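Examination of the molecular architecture
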Amino acid sequence: MSIIFDHFSASFVPLREKTHFCRSNLPMSSRKITRALISVFYKDNLEPIIKILADQGVEFVSTGGTQEFIEKLGHRVIPVEKLTGYPSIFGGRVKTLHPSVFGGILYRRDDQSDLDQAKEFEISPIDLVIVDLYPFEETVAKGGNEEEIVEKIDIGGIALIRGAAKNFKDVLIISSRNQYDELLQLLKAKNCAPELSDRKRFASLAFDVTSHYDGAIFKYFNKEQNIPSFKSSIQQGQVLRYGENPHQTGVFFGELDKLFEKLNGKELSYNNLVDVDAAVNLVREFDGETTFAIIKHTNACGVAIASTVKDAYLKAFQADTISAFGGVLATNATVNLEAAEEINKLFFEILIAPDYSPEALAVLKSKKNRIILKQNQSLTEIKQFKSLLNGVIEQDIDFKTDAKEDLKVVTKLSPSPSETQALLFASKICKHTKSNTIILAKGGQLLASGVGQTSRVDALNQAIEKAATFGFDLSGAVMASDAFFPFADCVEIAGNHGIKAVIQPGGSIKDTDSIAYCDAHKMAMVFTGTRHFKH
C-alpha cells in the first residue's frame, strides 16, 4: 500500500484511505481541499473564504501579514518557516522558494514516482493556493522611484501561481482578489471539492494574471531600453453585440467605466466605439474653445466653435443636416437646457460631454435607447496599434497640433488674423479626417469636407459640391489639406471658387507652381511642415 507522510500531524496516512476519504460521494474529477497555502497582499473579502475552509477542516499554511490575519480570525496556521525550516530572509525576498512548498504544489498525485519522492522527502500536498502579486502597476502609476518599483516585482508569488496553475489536475489556484467571489460560490456549491473543470478555469485565469504582470514589468523597463518587442495586455473585456457587421464577433478590451459614465441608453456597439474614439480625439484639439462636433463613420460632418454650446451645435449641424442623422455628437462644454432642447430635435446615436445640467439630462433622456455619456477623464494613451498582415504595427499618436508659430507664409500675401484663425481651425479638423482630405472652413465653422478620396483633386471637388448642396458661399473661406499638393490644380480650383487662404504641409517638388498661382490671384498660403495622413 502506498502512503504519504502527513508533515503537520507527523504521522503517516495511507494514501488509499486518505484518497477515499477526500473523494467520498464526489465526482471522479473532484479534489477535496485538505490544505491551503494563503499569502496575499490584499485581504479584503478574504474572511468568508477562510471561514468556509476552516469549517471543512482545511489546514492553513501562511506567512507574514496573512498568517496574522488568519490567526486573528481564530484559526491555527502552519507558518511557512516551519514547513521550510528557513526564516524569511533577504528582507522578505525569499520566503516560499523551497521544495517543501513547491513540491507540495507540483507533485502529481497520480504518479507513483512522485508519490514515492513525496514520501522520501516528507513533502505533504497543498491542494489550494491563494496568492496575489505585489502592486507593481499601482506603484508605477503613483510615480514611485526605481527602487520602490523594483521591490514591487513579485518573485515568490508569481512562481507559486505558475506552479499551482501548471498542476491544475491536482491543485486549485486563486491568483487575484477579483476571483474571491467566484471562489466562495464554488466552495459553497461543491463542498470544498472543486472539479477538474473548475481547477482548469482558474489555471487559465492565473496565466492571464502572470502574463499581464510580466508584460507590465517589461513595459516599464522598455521605456528606457526600446527593445523592438510588441506586448500589450488588457485584462478587462466586454463582449459586444457583434463586430463591424452582424456576422462578425466583437470584443472591447479596456475600462470604459473609467473614461465615461453612461447616463442613458443601450450598450455601445463596435461601430459606436470607433466613432466615439474619433469624436473624443477631435474635440480635445479645441481646448479652451466651446466646440461641438458631429461624427459619422469616424469623419466629422460638422464642427463649430461658438460662445455657447447651443450656437456651436447649430453651426455644426448646418454643415451637413443629412449626415448628422444617426451621428455621434461631442462637445467639450457642459450641456445646458437651451442646448439640449435643440439637440433633442435630432435623431442621434450618442452624445458625449463633460457634464450636463439636470434639466438638460431630463430632456435628453426622453429617448430610452439614446446613449448619453459623461466623459470623466481625458485619454492618456501615447501609442496606437492595429493588426496588419501577419503582425501588428504600432506608432506614436499624432499629438502635433498645428499652431500659429508653426506657420510659414510662402506667398507675397499673408493671411489676415481672422484667416489665420480659420486656417488653424481647419487644420485641426483635417488632422482627424481620413486621407486624402480637404477641409473648407470659415468663421469657426466647418463648411464642407472631402474625405477618404484617392486623389486630392477628388477630395476638393467633393468638398466644393457638398458646400454648394448646403448653401454655403465659399467666398473668403479657407482650405486645409492633410498633405502637400503635387500640382497647382487644387489651389487653382479653390481660387476659382472664392477661397482666399490655404494651409498645407508643403514639401512637393512643385510647391513653386502652387505658390505662383496663389501670388498671381492674391491668395495667401502657409506651410506647416507637418503632414497629417490618417488611414
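Residues numbered from 1 in each chain as written. Predicted model: local features only at pLDDT ≥ 70, side-chain atom pairs only at ≥ 80, totals over all residues. Heavy atoms only, no water.

Looking only at helices and strands, the chain features 20 helices and 23 strands. Every one of the 535 residues in the chain was classed for burial, and the buried ones make up 47%. Residue pairs at least 24 apart in sequence account for 56% of intrachain contacts in the chain once pairs closer than 6 positions are excluded. Carbon and sulfur atoms form 52% of the exposed surface of the chain, whose accessible area is close to 26,800 Å². (Helix = DSSP H or I, 4+ residues; strand = E, 2+ residues; numbered from the N terminus. Buried < 20%, exposed > 50% of the residue type's maximum accessible area, 1.4 Å probe, protein only. Contact = heavy atoms within 4.5 Å. Areas by Shrake-Rupley, 256 points an atom, 1.4 Å probe, with all protein chains shown as cover.)

This part covers the sheet that holds strand β4 (residues 59-62). Read across the sheet, five strands follow the order β5-β4-β3-β6-β7 without closing on themselves; strand pairing throughout is parallel. Sheet topology places β5 (77-79) and β7 (172-174) at the edges, where each strand pairs with a single neighbour. With direction set aside, neighbouring strand axes in the sheet form an average angle of 20 degrees. Bridge count between β4 and β5: three bridges; the pairing is parallel. Looking at β5, one finds that Val-61 is bridged to Ile-78. Where helix α9 (residues 156-166) meets the sheet, its contacts fall on β3 (35-39), β6 (128-131) and β7, and the angle it forms with β6 comes to roughly 150 degrees. (Pairing = 2+ DSSP bridges. Axes fitted to C-alpha atoms, helices over the stretch in contact; angles between N-to-C directions.)

For the structure on display, the rule yields one cavity of 30 Å³ or more. Looking at the largest cavity, its volume works out to about 70 Å³. What lines the largest cavity is a set of 13 residues, and nearest its centre among them are Asp-402, Ser-427, Ser-481, Thr-528 and His-532. Secondary-structure elements contributing two or more residues to the lining of the largest cavity are α17 (417-431), β21 (478-481) and β22 (501-504). Per element, the largest residue contribution to the lining of the largest cavity is three residues, and it comes from α17. Looking at the lining of the largest cavity, its residues break down into four nonpolar, six polar and three charged. (1 Å grid on protein atoms, 1.4 Å probe; cavity = no way out; pocket = protein on both sides within 12 Å on 5 of 7 lines; lining within 4 Å. Points joined across faces, edges and corners; volume = space filled by probe spheres on them. Nonpolar A, V, L, I, M, F, W, Y, C, P; charged D, E, K, R; others polar.)

So, about the side chain of Asp-114. Following the sequence through the fold, Asp-114 ends up in helix α6 (residues 112-120). We classify Asp-114 as buried; its relative accessible area is 11%. Setting aside anything within four residues of it in sequence, one finds Asp-114 in contact with Tyr-107 and Arg-108.

This part is about the confidence of the model for the chain. Per-chain confidence: the chain averages 92 in pLDDT, with 95% of residues scoring 70 or above. Between residues 1-24, whose pLDDT stays under 50, and residues either more than four places distant or in other chains, the model counts 45 contacts. (pLDDT = per-residue confidence, 0-100.)

It is worth spelling out the layout of surface pockets at this point. Each pocket or cavity is described by its volume, and for the second largest pocket that value is around 570 Å³. Around the second largest pocket, the lining is made up of 27 residues, and of these Gly-92, Lys-95, Tyr-134, Asp-154 and Gly-157 lie nearest the centre. Counting only elements with at least two residues in the lining of the second largest pocket, the list comes to α3 (64-72), α8 (146-151) and α9. Within the lining of the second largest pocket, the residues separate by chemical class into 10 nonpolar, 10 polar and seven charged.

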